[in-house]
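Topology and contacts: notes
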Amino acid sequence: MAAHNRPNYWWSLFTMKCPRCRKGPMFVSKNPWNLRTTLKMPEKCPECGQPYKLEVGFWYGTGYVSYVLTVAFSIFSFIAWWLIIGISVNDDRFFAWIIVNAVLMILLQPWFMRLSRVIYLKFFVSYDPDYKNTQVRTFDYETGGYYDPQNPEIKK
Ligand SMILES: [Zn+2]
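Residues numbered from 1 in each chain as written. Predicted model: local features only at pLDDT ≥ 70, side-chain atom pairs only at ≥ 80, totals over all residues.

1. Some details on the overall build of the protein chain
Counting secondary structure elements, the protein chain contains three helices and two strands. Starting at the N terminus and walking to the C terminus, you meet the elements of the protein chain as α-α-α-β-β. In terms of overall dimensions, the protein chain is more spread out than a globule: its C-alpha atoms have a radius of gyration of 19 Å, far above the 15 Å expected for 156 residues. Here the C-alpha coordinates of the protein chain stretch approximately 65 × 35 × 30 Å along the principal axes. Buried positions account for 13% of the 156 residues belonging to the protein chain. For the protein chain, the proportion of contacts with a sequence separation of at least 24, taken over those separated by at least 6, is 56%. (Helix = DSSP H or I, 4+ residues; strand = E, 2+ residues; numbered from the N terminus. Rg over C-alpha atoms; globule rule 2.2 N^0.38 Å. Buried ≥ 20, exposed ≤ 12 C-beta atoms within 10 Å, placed from the backbone. Contact = placed C-beta atoms within 7 Å.)

Written as C-alpha cells, this is what we have:
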C-alpha cells in the first residue's frame, strides 16, 4: 500500500487512465481527434488487467454522462462569456455565445466521448492501490451484478 505513490484522481481522469490502477491508458491512441480510433480501447488494462467493458452494451450508459458533461460545459462557457465578453439584450453577444459554444462542443465532442467512458467506468471500478495482489472487478452473469473483490458481499 504505497500511499505516496497514489496517482492523483483528477490527473488520472483527464489523462484517461484506468480507474483501478490509474496507470494503464484506457484508449489505444493518445489523440481523441483521430476519429477512426477515438473510441478504440484495449480489451483490458495493460497495467492491471481490469476489463474495460464489463458486460455487453456496457457503454450505452455513457449517454447520460456525456449529456451532463455537455450541459456543465455550456454553463461554464456561458459564465466565462458573461464575465469576459458580457451579455446584453441590446446586441448580438448572446447569439455569438450560442454559436461559439456550439462550435466548441462539436470540436470537443471526441474528447467528451472519451471522458464520458472514463467517468462511467469509475462508477463501477474503484481505485485499488493494491491492484497487483487483488482481483479485477467483473460482471457476474449468474447473479446479474457486479462482482467487486474488495467488497464481495455488496452486489450492485
Ligand atoms: Zn488498470
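Read on, since the account is not over.
2. With respect to unusual backbone geometry
A positive phi angle, close to 60 degrees, is found at Met-16, a residue other than glycine. The residue Met-16 is located in the loop between helix 1 (9-14) and helix 2 (62-84) in this model. One non-glycine residue with positive phi stands out, namely Arg-22, at about 60 degrees. Mapped onto the fold, Arg-22 is located in the loop between helix 1 and helix 2.

3. Let's talk about helix 2
The first and last C-alpha atoms of helix 2 sit 32 Å apart over 23 residues, in line with the 33 Å expected at 1.5 Å per residue. Positive backbone phi, approximately 95 degrees, marks Gly-86, located one or two places after helix 2. (Expected span 1.5 Å × (residues − 1).)

4. What to know about the packing of helix 2 against helix 3 (residues 93-124)
The N-to-C vectors of helix 2 and helix 3 enclose an angle of 140 degrees; their axes lie 9 Å apart at closest approach. In terms of orientation, helix 2 and helix 3 fall into the oblique class. For the crossing formed where helix 2 meets helix 3, the hand is right-handed. In contact with Thr-62, Val-65, Ser-66, Leu-69, Thr-70, Phe-73, Ser-74, Ser-77, Phe-78 and Trp-81 of helix 2, helix 3 contributes Trp-97, Asn-101, Leu-104, Met-105, Phe-112, Met-113, Leu-115, Ser-116, Arg-117, Ile-119 and Tyr-120. (Axes fitted to C-alpha atoms, helices over the stretch in contact; angles between N-to-C directions. Parallel < 35°, antiparallel > 145°, perpendicular 65-115°, else oblique. Left-handed = near helix turned anticlockwise from the far one by under 90°.)

5. A closer look at the nonpolar core
If you look at the biggest cluster of nonpolar residues, it comprises nine residues: Cys-18, Cys-21, Cys-45, Tyr-52, Val-118, Tyr-120, Leu-121, Val-125 and Tyr-131. When sequence neighbours within four positions are dropped, the list of residues in contact with Leu-121 reads Pro-19 and Tyr-52. (Core = buried A, V, L, I, M, F, W, Y, C linked by C-beta atoms within 7 Å.)

6. A few points about the environment of Asp-148
Structurally, Asp-148 is set in the segment after strand 2 (145-147). Distance from Asp-148 to Tyr-120, taken between C-alpha atoms, is 16 Å for residues 28 residues apart in sequence.

7. Re the environment of Thr-62
Note on placement: Thr-62 falls in helix 2. Sequence separation between Thr-62 and Pro-19 is 43 residues, and the spatial gap between their C-alpha atoms is 15 Å. In contact with Thr-62, other than residues within four places in its own chain, are Ser-116, Arg-117 and Tyr-120.

8. Quick word on helix 3
Of all the bends in helix 3, the largest measures some 55 degrees and sits at Gln-109, one to four residues before the proline Pro-110. Burial in helix 3 covers these residues: Ser-116, Arg-117, Val-118, Tyr-120 and Leu-121. Here the buried face of helix 3 lies against helix 1 and helix 2. (Bend = angle between axes of the 7 residues up to and from the residue.)

9. Details of the environment of Phe-58
One can find Phe-58 in the loop between helix 1 and helix 2. Sequence separation between Phe-58 and Arg-117 is 59 residues, and the spatial gap between their C-alpha atoms is 9.8 Å.

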